[in-house]
Amino acid sequence: ENNRLFAPPVKKIDSESEFYLKEPREASSRKNRVIITYENKENILTQRIFRPLYLAFFSPRWLLSGWCELRGEFRNLRIDRITRLEIFPEVFADEPGKTLSGFLKTVVPQSSMES
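Since we're looking at a predicted model, the values are computed, not measured.

Of all residues in the protein chain, 80% attain a pLDDT of 70 or more, and the chain-wide mean is 84. When the elements of the protein chain are averaged for pLDDT, helix 3 (residues 110-114) gives the smallest value, 48, and strand 2 (residues 32-39) the largest, 95. Across residues 111-115, confidence stays below pLDDT 50; counting only partners more than four residues off in sequence or on other chains, it has 3 contacts.

Before going further, it helps to spend a moment on the packing of aromatic side chains. By the definition in use, this model includes 4 aromatic pairs. Plain terms: the ring middles of Y54 and F103 are 6.3 Å apart, the flat faces sit at 45 degrees to each other, and that makes the pair tilted. Here the residue Y54 occupies a position in strand 3 (residues 45-58), and F103 occupies one in helix 2 (residues 100-107), the gap between them amounting to 49 residues. Residue class for Y54 comes out buried when judged on its relative accessible area of 15%. You can call F103 buried: its relative accessible area is 5%. Centre to centre, the rings of F74 and F103 are 5.6 Å apart; their planes meet at 65 degrees, and the pair counts as edge-to-face. Placement of F74 in strand 5 (residues 73-78) and of F103 in helix 2 is noted, with a sequence separation of 29 residues between them. Put simply, the rings of Y54, W67, F74 and F103 touch in pairs and so form one group of aromatic residues.

Locating R51 in the fold gives a position in strand 3. When its relative accessible area of 2% is taken as the criterion, R51 is described as buried. For R51, the contacting residues outside a window of four places in its chain are R33, S65, G66, W67, E69, F92, A93, E95 and K98.

A few words now on the pattern of salt bridges. Counted according to the given criterion, the structure contains 10 salt bridges. As a salt-bridge pair, E69 and R33 come within 2.5 Å of each other at their nearest N and O atoms. With E69 in the loop between strand 4 (61-68) and strand 5 and R33 in strand 2, this residue pair connects regions lying 36 residues apart in the sequence. Via salt bridges that share partners, R33, R51, E69, E95 and K98 belong to a single interconnected network.

Attention shifts here to the environment of W67. With respect to the helices and strands, the residue W67 is situated in strand 4. By relative accessible area, which is 12% here, W67 ends up buried. Along the primary structure W67 and L53 are separated by 14 residues, whereas in three dimensions their C-alpha atoms are 7.5 Å apart. Residues in contact with W67, not counting those within four places in the same chain, are I49, F50, R51, L53, G72, E73, F74, G97 and K98.

Each value, and the rule that gives it
Residues numbered from 1 in each chain as written. Predicted model: local features only at pLDDT ≥ 70, side-chain atom pairs only at ≥ 80, totals over all residues. Heavy atoms only, no water. pLDDT = per-residue confidence, 0-100. Helix = DSSP H or I, 4+ residues; strand = E, 2+ residues; numbered from the N terminus. Contact = heavy atoms within 4.5 Å. Phe/Tyr/Trp six-rings, centres within 6.5 Å; stacked < 30°, edge-to-face > 60°. Buried < 20%, exposed > 50% of the residue type's maximum accessible area, 1.4 Å probe, protein only. Salt bridge = Lys/Arg side-chain N within 4 Å of Asp/Glu carboxyl O.

Rendered as structure tokens:
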């Protein structure tokens, strides 16, 4: 649960990834809320207040996973669709059902987490 970055082995990662991942990774590590402008697959922009919990790489895309306050549920946002990200200075407190362990329970079968 303390590891907030997951990437399966790959032969080559885009050299620009480190630049685009810097702010989401810092916000996730420090537990800072962010305000994100996000462009979906229909090119519609939404603005979201987001609790970033986890970064994952599923070739060829990076995802920022966390609690979306706009939708009131966990969401996976493609990094390449984030058009703006601003980090709020205050740290968010963990709330039941909105934590990394809560997120992992929705994506990983419980028996896998207990192994």
